[in-house]
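Coordinate inspection notes
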Amino acid sequence: MENKKKVAFYTLGCKLNFSETSTIARNFQDEGFERVDFEEVADMYVINTCSVTENADKQFKQIVKKAMKLNDKAFVAAVGCYAQLKPEELAAVDGVDLVLGATEKFKITDYINDLSKNDMGEIHSCEIEEADFYVGSYSIGDRTRAFLKVQDGCDYKCTYCTIPLARGISRSDALENVLKNASDISKQGIKEIVLTGVNIGDYGKGEFGNKKHEHTFLDLVKALDEVEGIERLRISSIEPNLLKNETIDFVSKSRTFVPHFHIPLQSGSNEILGKMKRRYQREVYTDRVTNIRQVMPHACIGVDVIVGFPGETDEHFLETYNFLNEMDISYLHVFTYSERDNTEAATMEGVVAMNVRNKRSKMLRGLSVKKRRAFYENQIGTNRTVLFESENKEGYIYGFTENYVKVKTPWNPELVNTLHKINLTKIDEDGSVRMEFLNIEVEKR
């Protein structure tokens, strides 16, 4: 029999806290954890905090220290009142992995399952280091989706990025070629195409080997929407300054483009954005998100963010954290800044210590879990379309809705690479969403 993971609890404060700790402990036991005393070595320590006790932060630090002494690799979560009031303070304590406030603490087991997993790999502008990702102009990741490259290189001079060095200047595939590739892909029975490039919003530049723009990204989107046989088109990652409101409006009414945007932010501080030489201020980002939400309230919005950029103070970081916390987004991809040779940032002053970078990364990853959970909860009860993937994972088949909710249902090989109308019913313990079919013939099989 496999070893059960061990969890230990520490409760500060009132009787209510003690009763809540018991409830939380039962959730863990239901998930197959073994509850042990806080004095024992455990895989995870949960501290239920109190904001009333004198020196709450001091007390909390001592308890974390104690846990770390017992097992320095243990996962430490802070929940409860103090976690609700001063999440940043608690998250900044060395050793703490997760901070959950008043409402989230009872769902802690969902967060744990989530935190042990990686986000699905996607392609990000300014993160592609493998110049050999594509075979020809498109590559087929699995049988259900293909990545169609429309653009390469970048003319931006972001101070942390080596892409212009690795990839050269921005250049685009000819529109007719992109449409031909899209058509070829659809003939192979692939249902979803993801548009990729280094800076795809820049599409059209260099289409004829010079800087003349014959077509724009909007032209590309409109033309692709008319290609026969494509069921779904997804825009992978697009700079906020290049995601025009006309494109957002078109996607909202389009036949095939799905309501999912991945928009790099990199920092919520205008000062840091300036140092990064990003081509927008945070207000532009707010504007884009607001516009998406107006025309597509159910859209999924992903964000790239970099922590620990040179000169990023605690104040700058909290500006980013609070900006993202208040924004109606769906998940984050968090990158810890790392020095790259031959970039401007590598020689900048104000180097952020590695442990501080890691701490900030952890805080934002925790925020991402919270955001994704809230987004999924918001989708429960809605009708969506799911595209099932080809893998049998422990008796389940997974898929993604058009707005990027990860869905699961018992394995059935006939569902592979098929689209189905479904109703989202509840969030499963692994963080994905359970569903019911709305098309009856599947039920009968």
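The numbers attached to residues start from 1 for each chain and follow its sequence in the written order. The predicted nature of this model means local features are confined to residues of pLDDT at least 70 and side-chain atom pairs, given and counted, to a pLDDT of 80 or more, with totals for whole chains, interfaces and linings taken over all residues. Think of the side-chain values as coming from all heavy atoms in the structure, minus any hydrogens and water.

Let's talk about the overall build of the protein
Heads up, the rule is: Strands here mean DSSP runs of E at least two residues long; helices mean DSSP runs of H or I at least four residues long; both are numbered from the N terminus. Contacts between residues were defined by any pair of non-hydrogen atoms, one from each residue, lying within 4.5 Å.
Each helix and strand in the protein was counted, giving 14 helices and 19 strands. Here the analysis covers contacts within the protein between residues at least 6 apart in sequence; of these, 71% occur between residues at least 24 apart.

Some points on the pattern of salt bridges
Applied cut-off: Salt bridges are identified by distance alone: a Lys or Arg side-chain nitrogen within 4 Å of an Asp or Glu carboxyl oxygen. Each residue is assigned to one of three classes by its accessible area relative to the maximum for its type, calculated with a 1.4 Å probe on protein chains only: buried under 20%, partly exposed between the two thresholds, exposed over 50%.
Enumeration according to the criterion identifies 20 salt bridges in this entry. A salt bridge links arginine 357 to glutamate 339, with the nearest nitrogen and oxygen atoms 2.9 Å apart. Note that arginine 357 is positioned in helix H13 (residues 354–379) and glutamate 339 in the loop between strand S14 (331–336) and H13, a separation of 18 residues in sequence. For glutamate 339, a relative accessible area of 38% translates into the label partly exposed.

Considerations on the sheet that holds strand S12 (residues 260–266)
The following threshold applies: Criterion used throughout: strands pair if DSSP finds at least two bridges between them. Inter-axis angles, ranging from 0 to 180 degrees, are taken between N-to-C directions of lines fitted to C-alpha atoms, where helices are fitted over the stretch in contact.
Overall, parallel pairing links the 3 strands, which are arranged S12-S13-S14 in an open sheet. Edge positions in the sheet fall to S12 and S14, since each has one partner strand and no second. Along the sheet, successive strands turn relative to each other by an average axial angle of 20°, direction set aside. Judged from the 6 bridges that link them, strand S13 (residues 300–307) and S14 form a sheet pairing that is parallel. Counterpart to valine 303 in the pairing with S14 is leucine 332. On the sheet, helix H12 (residues 314–326) packs against S12, S13 and S14 and is oriented at approximately 175° with respect to S13.

Description of the layout of surface pockets
Just so we agree on the cut-off: The pocket and cavity definitions rest on a 1 Å grid over protein atoms only: a 1.4 Å probe that fits but cannot leave marks a cavity, an open set with protein on both sides within 12 Å along at least five of seven lines marks a pocket, and residues lining either have an atom within 4 Å of a point. Grid points are joined across faces, edges and corners, and a volume is the space filled by probe spheres set on the points.
Here the second largest pocket defines a volume of roughly 300 Å³. Lining the second largest pocket are 22 residues, and of these Pro87, Val99, Leu100, Tyr321 and Lys370 sit closest to its centre. Counting only elements with at least two residues in the lining of the second largest pocket, the list comes to helix H3 (81–85), helix H4 (87–91), strand S5 (98–100), H12 and H13. With 6 residues, the top contributor of residues to the lining of the second largest pocket is H13.

Side note on helix H11 (residues 282–295)
Count 3.6 residues to each turn of an α-helix, and residues three or four apart come out pointing the same way. For the record, the criterion: By definition here, a helix of n residues has an expected span of 1.5 Å times n minus one.
In this model H11 runs 21 Å from its N-terminal to its C-terminal C-alpha over 14 residues, within 8% of the 20 Å that 1.5 Å per residue would give. Every buried residue belonging to H11 is among Tyr285, Arg288, Val289, Asn291, Ile292 and Arg293, and all of these are buried. Against the buried residues of H11 lie helix H9 (245–253), S12, S13 and H12.

Some details on the sheet that holds strand S18 (residues 419–427)
The 5 strands are arranged S15-S16-S17-S19-S18 in a closed barrel whose pairing can be described as mixed. The mean inter-strand angle of the sheet, taken between neighbouring strand axes irrespective of direction, is 55°. Strand direction decides the pairing type here: strand S17 (residues 406–410) and strand S19 (residues 433–437), joined by 2 bridges, are parallel. Across the sheet, residue lysine 408 finds its bridge partner in S19, namely arginine 434. H13 rests against strand S15 (383–388), S17, S18 and S19 of the sheet, and its axis sits at about 115° to S18.

Taken by themselves, the reported measurements are silent on function.
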